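Geometric and topological summary
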Amino acid sequence: MISSSYGQLSRLIDVSTRSMDRFNEVQKQIATGKKSDTFGGYAPVARTVINLQNEFSRRESYINSIAIAQPRLAATQTALGRISTIMGDIQKTALSAAGTGPKDANLIRQQAQSSLKELTSLLNTKSDGQYIFAGSDSANAPIPSDDLMGGTSSLFTDISARLSQIDGTPGNTLDDVLADINALAMDDTSGRTIFSASLSAPKPVGTQDEAPRSIAADDGQRVAVSPQSISYKDPTAPADSTGSWVRDLMRDLMTLASAPDSLINSADGEAMMGRIAGNMDREMVSLGRTTANLAMSQRSLDALSEKHADMRVALKSQSSNVEDIDYTEAAARLKILETQLQSSWTILSRLGSMSLANFLR
């Protein structure tokens, strides 16, 4: 009889322990809202849980990448919009100066100099601490010097010196000088170039021929989030172009900013102004193409972000159906287990108070 009673006590303790484990598990489920904190607890649908979580994480990653890229794209478009306005204003000035009649040479130079300073600032625009026109070398300013007319680059003074040599003699005609100025603007020699060391050299040393930066925005889909390198020299460009609309614009602004009165008020000066106005047409076409491409990227990223957000909601709902508990059902189970535990503890308390004498009576 004693052996039977001890066996009964042992079985009761075992049942009570298992009930306590189930009680603790249900309490944890109610606290977390999840059926389990391990994949093993979701058998036989563990694979479904893993797949849903992986898909949700991938969509979340795309949304985060897009969210980081969007402010950068917006800042780039704002800067390009302002540059377009600068181009338009300079082109009007050049067209006016290309005609006959007196010109205010000092006003032309001042406008070009002011535009040159603003353009430098715009090309050194930052977004979230990164230079948006520096390509992958985004920690360093694409144009290191804030003063292109007297800083570390000799390009401005070199252009100014060459302009002063126009006199119609062989080698010093307007065509000769403008060709040399174009070559100066293409020169990436340290001390002359306006660009950073990275933008002054092609791969693998630098980033001059780097393609527009892009991000993975969807499965198998990358979207460009930056323009072509601003120092890139397109080998297919016309002979009177550097192959870069930024280089061409800088070259033309420096030419206007350093042109002497005698040149501006001469027939060569009128011809030069006409060419600069024509250059602006080409530069604005390139800028417009860049702006349109980035606008397309913005629209694509907006659509993809919305798509991923919708998918995230759907995946969350699917995951909830598999992983989340039914609070009403869980609360009912907890109550039942609590009642079972209380009963077990009451019986165990009585059995535990029994002595050998109680069994021998």
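Relevant structure appears above.
A brief look at the structure comes next. None of the values given here were measured: they were computed from a predicted structure. (Residues numbered from 1 in each chain as written. Predicted model: local features only at pLDDT ≥ 70, side-chain atom pairs only at ≥ 80, totals over all residues. Heavy atoms only, no water.)

**Notes on empty space enclosed by the protein**
The rolling of a water-molecule-sized probe over the atoms marks out the regions of remaining empty space. Operational definition: Only protein atoms enter the 1 Å grid used here. Points where a 1.4 Å probe fits but cannot escape make up a cavity, open sets with protein on both sides within 12 Å along at least five of seven lines make up a pocket, and a residue lines them when an atom lies within 4 Å of a point. Grid points are joined across faces, edges and corners, and a volume is the space filled by probe spheres set on the points. Classification used: nonpolar for Ala, Val, Leu, Ile, Met, Phe, Trp, Tyr, Cys and Pro, charged for Asp, Glu, Lys and Arg, polar for all others including Gly.
Across all of its chains, the model carries 2 cavities of 30 Å³ or more by this definition. For the largest cavity, the lining is made up of 15 residues, of which Phe133, Gly135, Pro227, Gln228 and Ser229 are closest to its centre. Residue composition of the lining of the largest cavity, grouped by class: 8 nonpolar, 5 polar and 2 charged. Roughly 50 Å³ of internal volume is contained in the second largest cavity.

**Digging into the side chain of Asp187**
Heads up, the condition is: Secondary structure is summarised from DSSP: a helix means a run of H or I of at least four residues, a strand means a run of E of at least two, and numbering begins at the N terminus for each. Think of a polar contact as two N or O atoms within 3.5 Å of one another; within protein, one of them needs to be a possible hydrogen donor and the other a possible acceptor, and neighboring residues in sequence only count if both atoms come from side chains. What makes two residues a contact is simply this: any of their non-hydrogen atoms within 4.5 Å.
Position of Asp187 among the secondary structure elements: in the loop between α5 (174–186) and β3 (214–218). Reaching out from Asp187, the side chain makes a polar contact with the side chain of Arg192 at a distance of 2.7 Å. Beyond its immediate chain neighbours, meaning those up to four positions away, Asp187 contacts Arg192 and Thr193.

**Quick notes on the nonpolar core**
Condition: Throughout this description, the term nonpolar core refers to a set of buried Ala, Val, Leu, Ile, Met, Phe, Trp, Tyr and Cys residues connected via side-chain atoms within 4.5 Å. Residue exposure (1.4 Å probe, protein chains only): buried if accessible area is under 20% of the type maximum, exposed if over 50%, otherwise partly exposed.
Ile83, Leu123, Leu163, Met250, Met272 and Leu301 are the most contacted members of the largest nonpolar core, which has 62 residues in total. Looking at this core, the elements that each hand over two or more residues are α2 (46–98), α3 (105–123), α4 (155–163), α5, β3, α6 (245–258), α7 (261–264) and α8 (267–323). For this core, the element with the highest residue contribution is α2, accounting for 12 residues.

**Some remarks on the layout of surface pockets**
For the largest pocket, the calculated volume is near 520 Å³. Lining the largest pocket are 24 residues, and of these Gln228, Trp245, Ser286, Arg289 and Thr290 lie nearest its centre. Counting residues per element, the lining of the largest pocket draws most heavily on α8, which supplies 8 residues. Split into classes, the residues belonging to the lining of the largest pocket amount to 9 nonpolar, 10 polar and 5 charged. Space inside the second largest pocket adds up to approximately 230 Å³. Lining the second largest pocket are 14 residues, with Leu178, Ala179, Asp240, Arg275 and Asn279 positioned closest to its centre. Listed by contribution, the elements that provide at least two residues to the lining of the second largest pocket are α5, α6 and α8. Residue contributions to the lining of the second largest pocket peak at 5 residues, all from α5. Classifying every residue of the lining of the second largest pocket gives 6 nonpolar, 3 polar and 5 charged.

Without other data, these values stay purely geometric and don't point to any function.
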